[in-house]
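These are the residues of each chain, in order.
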Amino acid sequence: MQTKMIQEGSTKIIVPILDKETNYPPSSAPVFYNPRMELCRDLSVACVAAFAGKRNSYVDALGATGIRGVRIANEVGLDVAINDWSSQAHELIKKNIELNRLSAKALRKNASVLLSESHFDIVDIDPFGSPAPFIDAACRSVSKMLCITATDTAPLCGAHKASGIRKYGAIPLKTEYHPEMGVRILLGAIARNLARYDKSLAPLLSYAMEHYFRVYLAVEKGAAKSNEMTRQVGFICHCFGCGFRSWKYGLAAHMPEKCPSCAERISLAGPLWLGRLHDRKFCNLVLDELESRKLGTRKRAMRLVRLCAEELEIPTYYDQHTICKELKINPPPIETFIEMLHEAGFQASRTHFSGTSFKTDAPLGEIEKILCR
Ligand SMILES: C[S@@+](CC[C@H](N)C(=O)[O-])C[C@H]1O[C@@H](n2cnc3c(N)ncnc32)[C@H](O)[C@@H]1O
Ligand SMILES: [Zn+2]
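Parameters at a glance
- Residues numbered from 1 in each chain as written.
- Chains lettered and ligands numbered in written order.
- Predicted model: local features only at pLDDT ≥ 70, side-chain atom pairs only at ≥ 80, totals over all residues.
- Buried ≥ 20, exposed ≤ 12 C-beta atoms within 10 Å, placed from the backbone.
- Helix = DSSP H or I, 4+ residues; strand = E, 2+ residues; numbered from the N terminus.
- Pairing = 2+ DSSP bridges.
- Axes fitted to C-alpha atoms, helices over the stretch in contact; angles between N-to-C directions.
- Contact = placed C-beta atoms within 7 Å.

1. Details of the pairing of strand β15 (residues 354–360)
Within β15, five of the seven residues are buried, which leaves it mostly tucked inside the rest of the structure. As judged from the two bridges shared by strand β13 (residues 318–319) and β15, these two strands associate in the antiparallel manner. By the bridge assignment for β15, aspartate 319 is matched with serine 357. Note: strand β14 (residues 348–351) against β15, four bridges, orientation antiparallel. Bridge assignment links serine 349 to a residue of β15, and that residue is lysine 359. Hairpin geometry of β14 and β15 is characterised by an intervening segment of two residues between the two adjacent antiparallel strands.

2. Re the sheet that holds strand β5 (residues 105–107)
Through backbone hydrogen bonds, the strands of a sheet pair up, either in parallel or in antiparallel fashion. Spatially, the seven strands line up as an open sheet ordered β5-β4-β3-β6-β7-β9-β8, and their pairing is mixed. In the strand order of this sheet, the two ends are held by β5 and β8 (199–209), each with one partner. Here the average twist between neighbouring strands, direction ignored, is 15 degrees. In this sheet, strand β7 (residues 142–150) lies alongside strand β6 (residues 120–125) in parallel orientation, the contact comprising five bridges. Counterpart to isoleucine 125 in the pairing with β7 is isoleucine 148. Strands β3 (57–60), β6, β7, β8 and β9 (212–221) of the sheet are contacted by helix α1 (residues 38–51), whose axis makes an angle of about 150 degrees with β8. Helix α2 (residues 67–76) contacts β3, β4 (79–83) and β6 of the sheet and is inclined by roughly 170 degrees relative to β4.

This is how it looks when you write it as structure tokens:
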């Protein structure tokens, strides 16, 4: 394997050379390495630092080059274990730990076995594709924080519906807010799995970007909190005729069969997470961490976290361009339109999910009236 040394954050890492002709995409390199995930890793450093005291244990259960775990050990200073079952990855992880003179542990186990037999305060699952095969073991292992990446966005968003149903035990729908649908299906599956162990989650930061979703969740043990959490799982009713949507909490929710607005048949998505996606206080701590660190993607990361912090806690969003196309009008600038919604007495915010979209408590009819003014 041909390698080179790079620096990300303040950490030096040996990575495979990605020959664009033979080793692209990153998964075809002997050891997985994706330079495009730098922002995701910068945010990992900031989020784990914002959450954790130095005595916490952290495991990067699917380490590859070890880049994520080595950065957490070096830049946050936690007690880190980095695991990968591939022998080539394991050797590279050991080299990268040595290179940075760290006392992190390199492990070579099946991640599901490792997580089933050991407890970690913070568990990071960053797989190639779906995290579904590792969710149960991660929920069993974790005591304080779960960090999970999913790159199987098509099954989660409803574009590959049957696969989404198989992997996550829930029905995803391909709506105009499909990335949010995907994040909520993922969170719903994690919440139901944590409940098996009398644990609960509270989302700290959950985002969709490019080809992946990433969630940071505070985890607690306790049946009462776990019961409270399961009440935030429910269903979204969506009308593909007129764009109407509503949501119901609970696993035995009664749904309308017909759209109250246009009488077409209602479609159902879920069970999925209907609670908040981010914790504003935590986002502000992450912004402080980003601000004070030397990171390659700092500006973009801060922009993303600011947008997340400002998002309304409403489970769906509207795409302004889709509505304007339907109404055959030109869309006003999104900030102006949000101001118009505020002036009409509604709550409204932008969303990180899409630059042309907004969240609001205004019903669709009112949104259309305001747009046509
Ligand atoms: C997408 S890569 C991880 C990327 C890494 N976290 C990063 O930030 O660059 C996934 C890794 O998981 C490893 N892997 C896949 N299934 C595994 C399993 N069941 N147990 C342990 N490692 C596994 C693969 O060898 C691969 O190196
Ligand atoms: Zn309708």
